[in-house]
Amino acid sequence: MEFSELIKTATVESVLLSCAGQPAVKGTLCITSHHLLLSSCPGGEGQPSAVELWLLIRNVDAVEKRVQNVGWYQPPRSSGSPRGNRLAGSSGTITLRCKDLKVLQLEIPGMEECLNIASSIEALSSVDSVMMMYPFFHRPQSLRLEEGWPRLPIEQHFQQIATKTTQWRLSDVNQDFAVCPTYPPAVIVPAAVSEETLRRAARFRQGGRFPVLSYYHTRNGTVMLRSGQPLTGPNRKRCPEDEMLLGSVLDEGERGFIIDTRSAQTAKQARMTGGGTEPKSSYPQWKRLHRPLERGRPLQESFIKLVEACNDASLGMDRWLGRLGGCRWLSHVKAALSTACLAAQCLDREESCVLVHGAEGTDTTLLVTALAQVILDPGCRTLKGFQELLEREWIQAGHPFHLRCARSAYSHARLKQEAPPLLPFPAKKKLSLLFLDCVWQLSRQFPFSLEFSEGLLLTLFDNAYASDYGTFLCNNEKERCLCKVKENTHSLWAWLDQPEERKKYLNPLYSPNLLVIWPSVEPQSIQLWQGLFFRWIRSSQYLDEAWAEIWRLVEGSNTAVKESTENRLSHSLSDPAARMENER
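Predicted model only: the values in this text are computed from it and were never measured. (Residues numbered from 1 in each chain as written. Predicted model: local features only at pLDDT ≥ 70, side-chain atom pairs only at ≥ 80, totals over all residues. Heavy atoms only, no water.)

### What about the overall build of the protein?
Basically, it comes down to this: A run of DSSP states H or I qualifies as a helix once it reaches four residues; a run of E qualifies as a strand once it reaches two. Both are numbered from the N-terminal end. Whether a residue is buried, partly exposed or exposed follows from its accessible area with a 1.4 Å probe, protein chains only, as a fraction of its type maximum: under 20%, in between, or over 50%, in that order. Between two residues, a contact is recorded if the distance between any of their heavy atoms is within 4.5 Å. Calculation of accessible area relied on Shrake-Rupley with a 1.4 Å probe; when residues are assessed, cover is drawn exclusively from the protein chains displayed.
Counting secondary structure elements, the protein contains 21 helices and 16 strands. For the protein, the proportion of its 584 residues judged to be buried stands at 50%. Considering only contacts in the protein between residues 6 or more positions apart, those separated by 24 or more positions represent 72%. Approximately 27700 Å² of the protein is accessible, and the part contributed by carbon and sulfur atoms is 52%.

Structure, rendered in structure tokens:
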């Protein structure tokens, strides 16, 4: 397939671009294989010449078009000109609803041009081949392809654990992805468990996702594991190897907790389709706790309703509060934080090991294990540590980003309206967005404890849906290897590591906090993430100016402290009496 085949009209003049909170801009619209560009008319009609739109077409979630046909007329014939009718006064409007929740409107002269532009954008934004996406073509001069792959090698992460305990080992049982297609080639497992035991245990877990180490709590040596659900089925099948694997994690007399992110009823129903839970008789040292987290359609509908409410400028206070409560998004945030706190409490206060799983083990499971680590580990609250956490617990752990982020709120809302009454519309789980929202809640409640700012969370949200970089491409490590993502695309982490970029995402108020941060999950403590959901609706000018002033004060304070220290040291070295005292 050639991109040129999908572009019906490449350039249109005198296009008017409108976006909420921004002045309208008229210019030339161009469509390339991956971008939509608009260059404003230089100096024309009193407009500035530097205004441009540079939109990655992959970011487009829904295209709405409306055309107006004023009438037809016969233009005067000149010598040698063909006879024919000509459309006069026709125009069209295209509304682009983006995955990052931005809404753009293009007023295009000419009905045919409008329809061609809309058709081209729809076709280009629907290209689903990973190797045809922009990261395979993006080549920034300041980066090398090998930089940032991976952010933290699993071998290096294991060495950090191996210095504290010998009870775990690095296994390459999944080297060829034959045991589990969604796990990375190397995983950390109990040292006492053989490779054959791991293979047999994998056949007893959904998707082959046998229990592996997610987090080692250095304060007391407890661990958190993650897996897929056991395939007990209606006949309550057992797997001695799986029982042995989990039994090897606990010493005699110890107990552990299995946090199931499904309701007890849902887990029970899963047995009828081959899934299930760990029976107490087979896992006597493990206590099962059910903490249901919504996934799939309920979570998607909640996201759609919230975005619709945020975009409705006609709402009064009462109706706004009613629709905010009715969408139940904040309830999902509260439930996710509560479950992560439970896992953290079992590890830190109960001093017990934890296994987390739902059904597949690629969505709510990763949400809980990653959030618990942000709560427990100060290293995960640094800029570098948070990137390593995302790499380890989301990307390498097999969260299907390509599948989950193919659509956002707007296209799902349209699919829901168009779906036949008896057929459910395809729901995508918004677990990565829910995770970022929960981290934002932590940053708001503990404004000094996270080294990174809200800007990083927004950048991660944007890049998960549409990116110049290959970090979030594909659904798992196996697919990334087949597509040779690491060999042919740049890493987002390498871009963020550049000094001029890194500073944009730092929290000027950061002060390292070595303690566990226990968030409040009371309803009054959970707030709407306005920086995301209102980002394109209202201007952030005054907030940006406030943060710039905070940065100025912090940098000025640091400079003053440094100069004061240098002056005292200089005076000390120049004073003979002080020099003699220092020598003593």
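And the narrative resumes.
### Overview of the packing of helix H13 (residues 431–445) against helix H14 (residues 454–465)
Worth spelling out the cut-off: Note on geometry: axes are lines fitted to C-alpha atoms, helical ones only across the stretch in contact, with angles between N-to-C directions running from 0 to 180 degrees. The scheme is simple: roughly parallel for angles under 35 degrees, roughly antiparallel for over 145, roughly perpendicular for 65 to 115, oblique for anything else. Each residue is assigned to one class: nonpolar for Ala, Val, Leu, Ile, Met, Phe, Trp, Tyr, Cys and Pro, charged for Asp, Glu, Lys and Arg, and polar for all the others, Gly among them.
At a minimum axis distance of 10 Å, the contact between H13 and H14 shows a crossing angle of 175°. The orientation of H13 relative to H14 falls into the category roughly antiparallel. Residues Leu-433, Leu-436, Val-439 and Trp-440 of H13 form the contact with H14, whose participating residues are Glu-454, Leu-457, Leu-460 and Phe-461. Class assignment for the residues of the contact of H13 with H14 results in seven nonpolar, no polar and one charged.

### Digging into the pairing of strand S12 (residues 212–216)
Let me state the cut-off plainly: A pair of strands is labelled paired if DSSP reports no fewer than 2 bridges between them.
With five of five residues buried, S12 lies mostly within the body of the structure. Where S12 meets strand S13 (residues 223–226), four bridges bridge the pair, whose relative direction is antiparallel. Among the inter-strand pairings, Val-212 is bridged to a residue of S13, identified as Arg-226. Here S12 folds back onto S13, and the loop between the two strands holds six residues, one of which, Gly-221, carries a positive phi near 80°.

### Focus on the pattern of salt bridges
Counted only if it meets this: Basic side-chain nitrogens of Lys or Arg form a salt bridge, by our definition, when they fall within 4 Å of a carboxyl oxygen of Asp or Glu.
In the structure shown here, the tally under the stated rule is 27 salt bridges. Linking Glu-196 and Arg-199 is a salt bridge whose minimum nitrogen-to-oxygen distance equals 3.6 Å. Residue Glu-196 and its partner Arg-199 are both found in helix H3 (residues 195–202); the two are separated by three residues, about one turn of the helix. Assessed through its relative accessible area of 37%, Glu-196 is described here as partly exposed. The residue Arg-480 makes a salt bridge to Glu-477 at a minimum N-O spacing of 2.8 Å.

### Here's the deal with the packing of aromatic side chains
As a reminder, the rule being used: Each pair of aromatic rings taken from Phe, Tyr and Trp, with Trp reduced to its six-membered ring, is defined by centres within 6.5 Å and is described as stacked if the planes are under 30 degrees apart, edge-to-face if over 60, and tilted in the remaining cases. Lysine and arginine charges are scored as sitting over a ring when NZ or CZ, respectively, is within 6 Å of the ring centre and within 35 degrees of the ring normal.
As enumerated under the stated definition, the model contains 14 aromatic pairs in all. Through a chain of ring-to-ring contacts, three or more aromatic side chains come together here, namely Phe-386, Trp-394, Phe-435 and Phe-452. When the ring centre of Trp-536 is taken as origin, the NZ or CZ atom of Lys-102, which lies over that ring, is 4.3 Å away. Above the plane of the ring of Trp-551 lies Lys-503, whose end atom (NZ or CZ) is 5.7 Å from the centre.

### A closer look at the sheet that holds strand S8 (residues 91–98)
Taken in spatial order, the seven strands of this open sheet run S4-S3-S2-S1-S9-S8-S5, and their pairing is antiparallel. Since the sheet does not close on itself, it has two edges, and those belong to strand S4 (52–56) and strand S5 (60–68), each with one partner. Taken pair by pair, the neighbouring strands of this sheet meet at an average axis angle of 25°, ignoring direction. Two strands pair when backbone bridges link them, and S8 and strand S9 (residues 103–109) are joined in this way by seven bridges, in the antiparallel orientation. In the sheet register, Ile-94 faces S9, and the bridge partner there is Leu-106. Helix H1 (residues 111–125) contacts strand S1 (11–19), strand S2 (22–31), strand S3 (35–40), S5, S8 and S9 of the sheet and is inclined by roughly 165° relative to S5.

### Here's the deal with the sheet that holds S13
Spatial ordering of the open sheet is given by S12-S13-S16-S14-S15, a layout of five strands whose pairing is mixed. In the strand order of this sheet, the two ends are held by S12 and strand S15 (286–290), each with one partner. Between one strand axis and the next, the sheet turns by 25° as a mean value, whatever way the strands run.

### Thoughts on the side chain of Ser-467
Our working rule: Residues adjacent in sequence count toward polar contacts only when both atoms are side-chain atoms; beyond that, a polar contact is any pair of N or O atoms within 3.5 Å, and within protein one must be able to donate a hydrogen and the other to accept it.
Note that Ser-467 resides in the loop between H14 and helix H15 (477–482). By relative accessible area, which is 11% here, Ser-467 ends up buried. For Ser-467, the side chain forms a polar contact with the side chain of Asn-463, separated by 2.6 Å. Only 2.9 Å separates the side chain of Ser-467 from the backbone nitrogen of Tyr-469, close enough to count as a polar contact. Dropping the residues within four chain positions of it, Ser-467 is found in contact with Leu-56, Tyr-134 and Pro-135.

### Things to note about the side chain of Asp-437
For clarity, the threshold we go by: Counting rule applied: Lys, Arg positive; Asp, Glu negative; His and chain ends not counted.
Of note, Asp-437 is situated in helix H13. Despite its burial, Asp-437 pairs with no opposite charge; the closest candidate is Arg-444, at 8.4 Å N-O. Engagement of the side chain of Asp-437 in a polar contact is seen with the side chain of Trp-329, the distance being 2.8 Å. Excluding anything up to four places from it in sequence, Asp-437 contacts Trp-329, Val-333, Trp-529 and Phe-533.

### A short note on the layout of surface pockets
Which parts of space are left empty comes out when a probe the size of a water molecule is rolled across the atoms. Put simply, the test is: Here a cavity means grid points, on a 1 Å grid over the protein atoms only, where a 1.4 Å probe fits yet cannot get out; a pocket means an open set of points with protein on both sides within 12 Å along at least five of seven lines; lining residues are those with an atom within 4 Å of a point. Grid points are joined across faces, edges and corners, and a volume is the space filled by probe spheres set on the points.
Its volume calculated, the largest pocket comes out at about 1400 Å³. Along the walls of the largest pocket sit 47 residues, with Glu-454, Leu-458, Ser-540, Leu-543 and Asp-544 positioned nearest its centre. Secondary structure elements with two or more residues in the lining of the largest pocket: S1, S2, S4, H13, H14, helix H19 (530–533) and helix H20 (541–574). Top element by residues in the lining of the largest pocket is H20. It accounts for five residues. Residue classes in the lining of the largest pocket are distributed as 26 nonpolar, twelve polar and nine charged. Of all the secondary-structure elements, those providing two or more residues to the lining of the second largest pocket are S4, H14 and helix H17 (492–497). Broken down by class, the residue content of the lining of the second largest pocket amounts to ten nonpolar, five polar and six charged.

### Observations concerning the environment of Lys-430
Within the secondary structure layout, Lys-430 lies in the loop between helix H12 (409–418) and H13. A residue is classified by how much of its surface remains accessible, and Lys-430, at 1% relative accessible area, is buried. Put simply, Lys-430 and Arg-297 are 133 residues apart on the chain and 9.6 Å apart in space, counted from C-alpha to C-alpha. Look past the residues within four positions of Lys-430 in its chain and what remains in contact with it is Leu-299, Gln-300, Phe-303, Trp-329, Arg-404, Arg-407, Ser-408 and Tyr-465.

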